[in-house]
Protein chains: 2
Amino acid sequence: MIVKEKPLIFITNDDGVYALGINSLIEGIRSLGEIVVIAPDGGRSGMSSAISATNPVRLNLVRKEEDLTVYSCSGTPVDCVKLGINEILDRKPDLILSGINHGSNAAICVIYSGTIGATLEGCIWGVPSLGISLCDHSPDANFSEAVKYGRKIAEKVLEEGLPKGICLNLNIPAIPELNGLKVCSQTKGYWAKEFQVAKDPAGKTVYWLCGEFTNEEPDNEQSDEWAISQGYAALVPLQINMTAYDFLQEIKGWEK
Amino acid sequence: MIVKEKPLIFITNDDGVYALGINSLIEGIRSLGEIVVIAPDGGRSGMSSAISATNPVRLNLVRKEEDLTVYSCSGTPVDCVKLGINEILDRKPDLILSGINHGSNAAICVIYSGTIGATLEGCIWGVPSLGISLCDHSPDANFSEAVKYGRKIAEKVLEEGLPKGICLNLNIPAIPELNGLKVCSQTKGYWAKEFQVAKDPAGKTVYWLCGEFTNEEPDNEQSDEWAISQGYAALVPLQINMTAYDFLQEIKGWEK
């Protein structure tokens, strides 16, 4: 009898290693394989694909149990993935999961999100990668549907893999029971009215980033925002090659 | 006689407001219009599209001359663009320039680069945006060819605009005279051997990010790395919609 090696699953996030979302995910998928977690030692929301280009990064062992090792890291979500693959794991993982994020990463949030930054990084390394977010920012949100759908997609990806250069972004509406899964496109839109202008205690002006999302295609039933608004889990495949090929052909004449 | 309003050009970077690259760019394109600069108060390399999600951001006026206003900002490159559009400029700029970066932002660097983060942000706001990088990290690099080509593309974009959702990434090889311009795709590749492991003065392990780029398609004559290696300025159109549409169709069946 051949004993098949357990899948090696790497987990990170951008809310930090002690957040409820990542710990709900760890418990929910623990039975699927050997789990190694490297996650930031505190919140790193909005870190995108930032890397620690000028400062060294530190790792600390948080806990070690059978088939589960958890580290905290002083760096960014992308640093966590890079450290895992380059320094900690003894082989390339079979799957990278990022999340479960406290808050939506649908639409243009893919550009700013540390959760998605880590997901893209896994993809750059050729590892099937899935970012998972729950559309609820509260620290004690109910992650049960997010874990259920996240695990289902994780199992699918472990079975079938993903094409090179493509990863997945899963967003879960904050409702007790979902209507199902929709495979979607990234909703077109942007964040507007972005700052609250305030004074610090010394009377100097400071700018707090806040803002509200403007959906430029609210009627697009193929978009992730639409799916979420209808109570569906929204799954968007993302590609790391950002080349606009059609427009590339249009401006070939600029070479002259 | 109708006096046409001067173009409003917004400039930022990720090397900081005092870097030679951004100041070379400012001087090189100053005659094209009214210039407003908001750039980080120090280096922000590798900041990607990071935003200041939890801390307030500050602005300081650095200098004000005819048709030129320069601010420094305590935030990220993307914060600079957001502040410019939301708080400082009295109208949407006609063009956003980011750079000139000290160091290449070709290939997969688009994902990590603060220079490109700011360029993508301009694009999200619907402003024609161009990131410019010179493949030379030295603080006293020669920016003359980069300024020449950057200005040429900037003039083209001011004339013709860019389609919604698309921006430009221009990389300039570090040679005295270029062979011309190539319109290219983002080279497939990744950074490998990424960390130097060292001890801090207290004897604790720290990880310094470094690494080397692995080009997965060195023979692709349409790629930006190839163009740069042949002495051409490499211009890649980038899109902010990261949806992998072909694969989306393939996994529609997962909805069941």
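Once a new chain begins, its residue numbering starts again from 1 and follows that chain's sequence as written. Each chain takes a letter, starting from A, and each ligand takes a number, starting from 1, following the order in which they are written. Where totals are concerned, whole chains, interfaces and linings use all residues; where local detail is concerned, this predicted model gives features only for residues with pLDDT of at least 70, and gives and counts side-chain atom pairs only at 80 or more.

A. The overall build of chain A, seen in detail. Broken down by element type, chain A carries seven helices and 13 strands. With C-alpha atoms as the basis for the radius of gyration, the globule rule is written as 2.2 Å multiplied by the number of residues raised to the power 0.38. Taking 256 residues into account, the globule formula puts the C-alpha radius of gyration at 18 Å, and chain A, at 19 Å, falls close to it. Projected onto its principal axes, the C-alpha coordinates of chain A cover approximately 60 × 50 × 50 Å. Burial status across chain A gives 51% buried among its 256 residues. The secondary structure listing takes helices from DSSP runs of H or I that are at least 4 residues long and strands from runs of E that are at least 2 residues long, numbered from the N terminus. Any residue with 12 or fewer other C-beta atoms within 10 Å of its own C-beta is exposed, any with 20 or more is buried, and the rest are partly exposed; the C-beta atoms used are placed from the backbone.

B. Fine view of the sheet that holds strand 8 (residues 181-183) of chain B. Residues and elements named next belong to chain B. If you trace the nine strands from one edge of the open sheet to the other, you get 3-4-2-1-5-6-7-13-8, paired in mixed fashion. Each edge of the sheet is formed by a strand with only one pairing partner; in this case those strands are strand 3 (59-65) and strand 8. Taking the axes of each pair of neighbouring strands and ignoring which way they run, one obtains an average angle of 20° across the sheet. In this structure, strand 3 lies alongside strand 4 (residues 68-73), joined through six bridges in antiparallel fashion. Bridge pairing in strand 4 places K64 opposite T69. Together, strand 1 (8-12), strand 5 (95-102), strand 6 (129-134) and strand 7 (166-172) form the strand contacts of helix 4 (residues 114-124), whose direction differs from that of strand 6 by roughly 170°. Any two strands with at least two DSSP bridges between them are considered paired. To get an axis, a line is fitted to the C-alpha atoms, and for a helix only the part in contact is used. The angle between two axes follows their N-to-C directions and goes from 0 to 180 degrees. The contact criterion used here is simple: two residues whose C-beta atoms, placed from the backbone, lie within 7 Å are in contact.

C. Spatial organisation of the pairing of strand 1 of chain B. All names here are of chain B. The buried fraction of strand 1 amounts to four of the five residues, a majority that puts the element mostly inside the structure. Across four bridges, the pairing between strand 1 and strand 5 is parallel. Following the sheet pairing, F10 is matched in strand 5 by I96.

D. Quick peek at the sheet that holds strand 5 (residues 95-102) of chain A. Residue and element names in this part refer to chain A. One open sheet holds the nine strands; their spatial order is 3-4-2-1-5-6-7-13-8, and the pairing between them is mixed. Edge positions in the sheet fall to strand 3 (59-65) and strand 8 (181-183), since each has one partner strand and no second. Strand-to-strand twist in this sheet, taken as the mean axis angle between neighbours without regard to direction, amounts to 20°. Pairing of strand 2 (residues 34-40) with strand 4 (residues 68-73) involves six bridges; the strand directions are parallel. Bridge pairing links P40 to C73 in strand 4. Its contacts with the sheet place helix 1 (residues 20-29) against strand 1 (8-12), strand 2, strand 5 and strand 6 (129-134), and it is angled at close to 135° to strand 5. Against the sheet, helix 5 (residues 144-160) touches strand 5, strand 6, strand 7 (166-172), strand 8 and strand 13 (233-239), its axis set at about 160° to strand 7.

E. A look at the packing of helix 1 (residues 20-29) of chain B against helix 5 (residues 144-160) of chain B. All names here are of chain B. Contact pair helix 1 / helix 5: the axes reach a minimum separation of 10 Å and the direction vectors enclose 55°. With respect to each other, helix 1 and helix 5 are oriented oblique. Crossing handedness for the pair helix 1 and helix 5: right-handed. In this structure, helix 1 uses S24, L25, G28 and I29 to contact helix 5, whose residues at the interface are V147, G150, R151 and A154. Of the residues that constitute the contact of helix 1 with helix 5, the class distribution is four nonpolar, three polar and one charged. Throughout this description, any angle smaller than 35 degrees is read as roughly parallel, any larger than 145 degrees as roughly antiparallel, any in the 65 to 115 degree range as roughly perpendicular, and the remainder as oblique. Crossing handedness is defined as follows: a turn of the near helix away from the far one that is anticlockwise and smaller than a right angle gives a left-handed crossing, while the clockwise case is right-handed. The classification used treats Ala, Val, Leu, Ile, Met, Phe, Trp, Tyr, Cys and Pro as nonpolar, Asp, Glu, Lys and Arg as charged, and all other residues, Gly among them, as polar.

F. Representation of the interface of chain A and chain B. Across the boundary between the two partners, chain A contributes 61 residues, which contact 61 residues of chain B. Here the side of chain A that touches chain B gets five residues from one element, more than from any other, and that element is helix 2 (residues 77-88) of chain A. Considering only residue class, the side of chain A that touches chain B consists of 36 nonpolar, 15 polar and 10 charged.

G. Region of the structure containing the relation of the copies chain A and chain B. The transformation that overlays chain A on chain B combines an axial shift of 0.0 Å with a rotation of 180°, and the residual RMSD is 0.0 Å. Taken together, these values place the two copies in the relation of a two-fold axis. Mapped onto chain B, 100% of the interface residues of chain A are again interface residues, and the two copies thus contact each other with one and the same surface. All copies are superposed by least squares; the fitting set is the C-alpha atoms of residues with a pLDDT of at least 70 in both.

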